[in-house]
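Listed below are the residues making up each chain.
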Amino acid sequence: MQLTPNAHIQSVAEAAAQRSHNEPEFLQAMHEVLDTLVPVLAEHPEFIEAAVLERLVEPERQILFRVPWLDDQNRVRVNRGFRVQFNSALGPFKGGLRFHSSVNLSVVKFLGFEQIFKNALTRQRIGGAKGGSDFDPHGKSDEEVMRFCQSFMTELYRYIGDQTDVPAGDIGVGGREIGYLFGQYRRLTGRHESGVLTGKGKGWGGAEVRTEATGYGAVFFAQEMLKRTGEDIDGRRAVVSGSGNVAIYAIEKVSQLGGTAVTASDSSGYVVDEQGIDVELLKQIKEVERGRISDYAERKPGARFVSGGSVWDVPAELAFPCATQNELDERGARALLDGGVRVVAEGANMPTTPEAVTLLQQSGILFGPGKAANSGGVATSALEMSQNAARDRWDFDHSEARLQAIMRDVHDASYEASERYGRPGDYVLGANSAGFVTVAQAMIEQGLV
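Numbering of residues starts from 1 in every chain and runs along the sequence as written. For this predicted model, a pLDDT threshold of at least 70 governs which residues receive local features, and a threshold of 80 or more governs which side-chain atom pairs are given and counted, while totals over whole chains, interfaces and linings are taken from all residues. Computation of side-chain values: all heavy atoms of the structure, hydrogens and water removed.

Draft legend 1. Structural view of the packing of helix 9 (residues 213–227) against helix 10 (residues 245–256). Axis geometry follows a simple rule: fit a line to the C-alpha atoms, using only the stretch in contact for helices, then measure angles between N-to-C directions, giving values from 0 to 180 degrees. Each helix is a run of DSSP H or I of at least 4 residues and each strand a run of E of at least 2, with the numbering of both proceeding from the N terminus. Between helix 9 and helix 10, the shortest axis-to-axis distance is 7 Å and the interhelical angle comes to 45°. Between helix 9 and helix 10, the angle is such that the two are oblique. Along this stretch, helix 9 crosses helix 10, giving a crossing that reads as right-handed. Across the interface between the two elements, Thr 214, Gly 215, Tyr 216, Val 219 and Phe 220 from helix 9 touch Val 246, Tyr 249, Ala 250, Glu 252, Lys 253, Val 254 and Gln 256 from helix 10. The residue classification treats Ala, Val, Leu, Ile, Met, Phe, Trp, Tyr, Cys and Pro as nonpolar and Asp, Glu, Lys and Arg as charged. All others, Gly included, are polar. A class-by-class count of the residues in the contact of helix 9 with helix 10 yields seven nonpolar, three polar and two charged. What sets the label is the angle itself: under 35 degrees gives roughly parallel, over 145 gives roughly antiparallel, 65 to 115 gives roughly perpendicular, and the rest give oblique. By definition, turning the near helix anticlockwise from the far helix through less than a right angle yields a left-handed crossing, and turning it clockwise yields a right-handed one. A contact between two residues is defined here by any heavy atoms of the two lying within 4.5 Å.

Draft legend 2. Representation of the pairing of strand 6 (residues 237–240). A pair of strands is treated as paired once DSSP finds two or more bridges between them. Relative to strand 7 (residues 260–261), strand 6 runs parallel, the two sharing two bridges. Note that in strand 7 the partner of Ala 238 across the bridge is Ala 261. For the handedness criterion, the strands are oriented away from the viewer, and a crossover whose path from the first strand over the helix to the second runs clockwise is classed as right-handed. Once you follow strand 6 into helix 10 and on to strand 7, the crossover reads as right-handed. Where strand 6 lies against strand 11 (residues 318–320), three bridges are found, and the strand directions are parallel. Residue pairing across strands places Val 239 opposite Ala 319, the latter belonging to strand 11.

Draft legend 3. Region of the structure containing the side chain of Glu 25. Within the element layout of this structure, Glu 25 appears in helix 2 (residues 24–34). Arg 98 provides the closest opposite charge to the buried, salt-bridge-free Glu 25, at an N-O distance of 8.9 Å. Excluding residues that lie within four positions of it along the chain, Glu 25 makes contacts with Asn 104, Ser 106, Val 107, Phe 110 and Met 350. Accessibility here uses a 1.4 Å probe with only protein chains present; expressed as a share of the type maximum, an area under 20% marks a residue as buried, one over 50% as exposed, and anything in between as partly exposed. In summary, the charge assignment counts Lys and Arg as positive and Asp and Glu as negative, without counting His or the chain termini. For this analysis, a salt bridge means a side-chain nitrogen from Lys or Arg found within 4 Å of a carboxyl oxygen belonging to Asp or Glu.

Draft legend 4. View of the sheet that holds strand 3 (residues 93–99). The strand order across the open sheet built from five strands is 1-2-4-3-5, with neighbouring strands paired in mixed fashion. Of all the strands in the sheet, the pair left with one neighbour each is strand 1 (61–70) and strand 5 (165–169). Here the strands of the sheet are splayed against their neighbours by 20° on average, with no regard to which way each runs. Pairing of strand 2 (residues 76–87) with strand 4 (residues 127–133) involves six bridges; the strand directions are antiparallel. Each residue of the ladder has a partner; that of Asn 87, found in strand 4, is Gly 128. Docked against the sheet, helix 6 (residues 105–122) engages strand 1, strand 2, strand 3 and strand 4, running at close to 155° with respect to strand 4.

Draft legend 5. Fine view of the environment of Arg 402. Within the secondary structure, Arg 402 sits in helix 17 (residues 396–420). Considering only alpha carbons, one finds Arg 402 and His 192, 210 residues apart in sequence, at a separation of 27 Å.

Draft legend 6. Structural detail: the environment of Gly 112. Turning to its location among the elements, Gly 112 is positioned in helix 6. Discounting residues that sit within four places of it in the chain, Gly 112 has contacts with Phe 86, Gly 128, Ala 129 and Lys 130.

Draft legend 7. Broad picture of the sheet that holds strand 10 (residues 304–307). Read across the sheet, three strands follow the order 8-9-10 without closing on themselves; strand pairing throughout is antiparallel. Strands with a single pairing partner mark the edges of an open sheet, and in this sheet they are strand 8 (263–266) and strand 10. Between one strand axis and the next, the sheet turns by 20° as a mean value, whatever way the strands run. Here strand 8 pairs with strand 9 (residues 269–272) via four bridges, running antiparallel. Pairing of Ser 265 across the sheet is with Tyr 270, part of strand 9.

Written out as structure tokens, the structure is:
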């Protein structure tokens, strides 16, 4: 006798929790998806019969390796490297590499699981994966970063390729790191296989708008949510967390669309600039000098730095969590509501805790989950893959137009799915179900793989 959708989901979740009991981030991401799929399974009992969920929550492949490297004092250091290739039903594995001290198997699995559905929403025919290391490039010299990246790629190159697995950047992995990784890949293989990594330099296979894509995309998604209510970003005040690529370019696009982003942050605290964050100064400090966010307040008249505290205490109508997972908790959500927030669009991966998501949705806030709102980065990575395969290059305006069109499609697919499954405007249910159905149908059509 076939289980009911509720019972089936509970059974799958319990089995996964037993296997992965020491992986809280992964289990959180898994529940966030599975708990929304009851109406989908009710409509598609064949997904239960084919054990799609049981297969989805287990990665196709998990790779764990050591990364020995020499620091500038000639001392041997050892870090862990990870690559979790989660699902390739739609195409080659695709997902970023994160270099940060918080990286462990649970974090990489949560990111890879999210990537399955995010990639499906873009309709770019790419599967889901993620990887990285507990190496933190902050405070390291260029030479130390290069030696680490070379050692990391010396192991990873065995498992990647333009038709197999195409990594990109994430937290701690920008253009510098991608360059060192690609150089070592080329050295090891003897091939200039441009499509094996994305986020490359523009002079050797990189795509226009790739750096800006995740931040721009989150703002485009927020814009689409507002359009459904007859509203716009123009004239609205925004709070943004983080000060990496995603945050910087979310701030930039808010400004271009007539809004005012007044905050940026890092692990030391946040700045408030009532005149609007000066994007060029922020880029200089964070991208060129690799400085701290407090440097911004020291150099920008009228800006103030707040040590510690919560960026969500700053009143605004728009909020973009762009730093890291679980940064916006229930207390932060209440502060946003008190400050008059109207829209929350996730620029980071799973930055909002389940309790905060529930509170925001129950309060009628337009909430864009990361797998939809921040899918612009991987979408533009897929466009970079297309350009590499064709030995072509698109200009900035064309690339941005493609990004905006993709984000519009992601929004519409998420909203239409929310309507189909009985909760119009619930973008969490909509994004999860739309991405899941695409992957599940492909898995069934390809047999037991």
